[in-house]
Amino acid sequence: MQALGRVSRLTLDARDARTVLIGLVMAQLAPLDIALAREGATDELAVSPSIELAPGVRAWPDTDSMAEQAGLRLFTSGTTGRAKSALYSLQRLLSGVRQHPRGEDAVWLLTYEPASFAGIQVLLTAAINGARLLAPERSIHALADALRGGTTHVSATPSFWRALLAAVPADLNLPLKVITLGGEASSQALLDILAQRFPLALIRHIYASTEAGVGFTVADGKAGFPAQWLDHPVEGVQLRMREDELEIRSARGMLGYAQADAPVASGWLRTGDLVELRNDRVLFLGRRDSVVNIGGTKVVPEKIEALLEGVEGVADISVQAHPNPILGHILIAQVCCRSGADPVAVEAALKARAIDLLPPVARPARYRFVDSVVLESGKKGRKHVSQ
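Residues numbered from 1 in each chain as written. Predicted model: local features only at pLDDT ≥ 70, side-chain atom pairs only at ≥ 80, totals over all residues. Heavy atoms only, no water.

Asks: I'd like to hear about the overall build of the chain, residue by residue, with values.
Replies: For the chain, the count of helices and strands is eight helices and 21 strands. For the chain, the proportion of its 387 residues judged to be buried stands at 50%. In the chain, once contacts between residues fewer than 6 apart in sequence are set aside, the share between residues at least 24 apart is 62%. Per element, the accessible surface of the chain, about 18300 Å² overall, is 50% carbon and sulfur. (Helix = DSSP H or I, 4+ residues; strand = E, 2+ residues; numbered from the N terminus. Buried < 20%, exposed > 50% of the residue type's maximum accessible area, 1.4 Å probe, protein only. Contact = heavy atoms within 4.5 Å. Areas by Shrake-Rupley, 256 points an atom, 1.4 Å probe, with all protein chains shown as cover.)

Below you can see the structure in the form of structure tokens.
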């Protein structure tokens, strides 16, 4: 998307959701406080949007035909490799937008890149509901400051939530009403911490992606989703497991790829997310494209992170692979410590936990201490790291 300019404040008319999408072409909005009102705009917004459109669509149409066309390209985050381009219509983007209860005075915090799929969903949700939307600089400290400014609704990746929890004092009373997690699998440990920290907030994790659109929402406080959803569609979305991978079929997903990157067969989309059935629950294990071969054994970095993230003093941890001439790969753990934690003590505790819970092949060979493990997308990187 092309940036048309920078503004410090913008008011959009939410009666026409297409108007909101005009704002999305301003990809370099910088620190921004967007007030979205249901009726009328206090400022004129007269721009000719320059959106990256599908072939044959050269300008924003004046009629509602845009809702029936594959007119928008949305790009995947490229966390594990090359970003892909997915085609969407406005109608499909709007189909996953939730409406707030009447009378709810919501203040949304935008933690995502505005032009990403998740960012667009937050923008549209605020617009449709006439909510106030805060969009500060996308740094942990700026977002933490915004939380103190009366934010009631926050949607962010689990990685961002861990960083935010580490940056906000535990005794600070925040008026959060709705907490949403998405973009990565939500661990039970993180869900429990959020429930303890914000007992009055509705906590839910959403399965969504650029390709699959908004899939389903889980609000029972448990990681994964109920196994019965594999047999009965949830929110109009069909789910199934094939070779330990979640597949999804939905009318809210993309219309297709702009290029023939990975054709969708029979309407079922291979999500790339590895899952397992455990009792009455389907749990997320990690991404298929993040699996590492170490000495002939396949290792899932996300499973290692889930076992190590509870070590005292650890704010977040990212396990990544590095090529090795003997084993094929070795694992390097990048660790973000909580404020005041001693890295030497934290590393010793991590090594002890790894010995207790992990086979030798799955234990990180090195531990690096970094300020953050979160990429610009809000997720952890899964590409190989150097030693």
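Asks: Outline the sheet that holds strand S16 (residues 281-287), listing residues and values.
Replies: Spatial ordering of the open sheet is given by S11-S16-S15-S13-S12, a layout of five strands whose pairing is antiparallel. Each edge of the open sheet carries a strand with a single partner, namely strand S11 (225-226) and strand S12 (238-242). Bridge count for S12 against strand S13 (residues 245-249) is five bridges, and the pairing is antiparallel. Bridged to Met241 within S13 is Leu246. (Pairing = 2+ DSSP bridges.)

Asks: If you had to explain the pattern of salt bridges to someone new, which residues and values would you point to?
Replies: According to the stated counting rule, one finds 14 salt bridges in the structure shown. Here Arg281 ties to Asp220 by a salt bridge, and the two come within 2.8 Å at their closest N and O atoms. Note that Arg281 is positioned in strand S16 and Asp220 in the loop between strand S10 (213-218) and S11, a separation of 61 residues in sequence. Classification of Arg281 by relative accessible area gives buried; the value is 9%. Where Arg287 meets Asp273, a salt bridge forms, and the shortest distance between an N and an O atom there is 3.2 Å. Pair noted here: Arg287 is in strand S16 and Asp273 is in strand S15 (residues 269-278), with a separation of 14 residues, a long-range link. Overall, the relative accessible area of 12% leaves Asp273 in the buried class. (Salt bridge = Lys/Arg side-chain N within 4 Å of Asp/Glu carboxyl O.)

Asks: Would you mind going over the nonpolar core in detail, with residue names and values included?
Replies: Residues Leu147, Trp161, Leu176, Ile179, Leu181, Leu194 and Phe198 are the most contacted members of the largest nonpolar core, which totals 32 residues. Listed by contribution, the elements that provide at least two residues to this core are strand S5 (107-110), helix H4 (140-147), strand S7 (153-156), helix H5 (158-167), strand S8 (178-182) and helix H6 (188-197). Not counting the four nearest positions on each side in its chain, Leu194 is found in contact with Trp161, Leu165, Ile179, Leu181 and Ile203. Counting 26 residues, the second largest nonpolar core, distinct from the first, contains Leu74, Tyr88, Val218 and Leu269. (Core = buried A, V, L, I, M, F, W, Y, C linked by side-chain atoms within 4.5 Å.)

Asks: Account for helix H3 (residues 117-128), naming residues and giving values.
Replies: An α-helix turns once every 3.6 residues. As a result, residues three or four positions apart point the same way. In this model H3 runs 16 Å from its N-terminal to its C-terminal C-alpha over twelve residues, within 8% of the 16 Å that 1.5 Å per residue would give. Of all the twelve residues making up H3, ten are buried; the element is thus mostly covered by neighbouring parts of the structure. Those residues of H3 that sit buried are Phe117, Gly119, Ile120, Gln121, Val122, Leu123, Leu124, Thr125, Ala126 and Ala127. A positive phi of about 65° marks Gly130, the residue just after H3. (Expected span 1.5 Å × (residues − 1).)

Asks: Tell me about the pairing of S7, and name the residues and values.
Replies: Here S7 shows a buried face lined by His153 and Ser155 and a second buried face lined by Val154 and Ala156. Pairing geometry for S5 and S7, over three bridges, is parallel. Bridge pairing in S7 links Leu109 to Val154. In terms of strand pairing, S7 meets S8 through four bridges, oriented parallel. Within S8, the residue paired with Ser155 across the bridge is Thr180. At this point the chain moves from S7, through H5, to the parallel S8, and the crossover so formed is right-handed. (Right-handed = clockwise from strand over helix to strand, strands pointing away.)

Asks: Can you tell me about H4, naming the residues and giving the values?
Replies: Of all eight residues in H4, six are buried; the element is thus mostly enclosed. Contacts from the buried residues of H4 go to S5, strand S6 (132-135), S7 and H5.

Asks: Lay out the packing of aromatic side chains in plain terms, naming residues and giving numbers.
Replies: Here a ring pair, both rings aromatic, is described through the centre-centre distance and the interplanar angle of the planes. The tally for this structure, following the rule as stated, stands at six aromatic pairs. Their ring planes at 10° and their centres at 5.6 Å tell us that Tyr207 and Phe284 sit as a pair that is stacked. With Tyr207 in strand S9 (residues 202-209) and Phe284 in strand S16, the pair connects residues that are 77 residues apart, well separated along the chain. Look at Phe284 and you get partly exposed, because its relative accessible area is 23%. Within the aromatic cluster, the residues linked to one another by ring pairs are Tyr207, Phe216, Phe225, Trp229 and Phe284. Arg240 extends its terminal NZ or CZ atom over the ring of Trp268, reaching a point 4.0 Å from the ring centre. (Phe/Tyr/Trp six-rings, centres within 6.5 Å; stacked < 30°, edge-to-face > 60°. Lys NZ or Arg CZ within 6 Å of the ring centre and 35° of its normal.)

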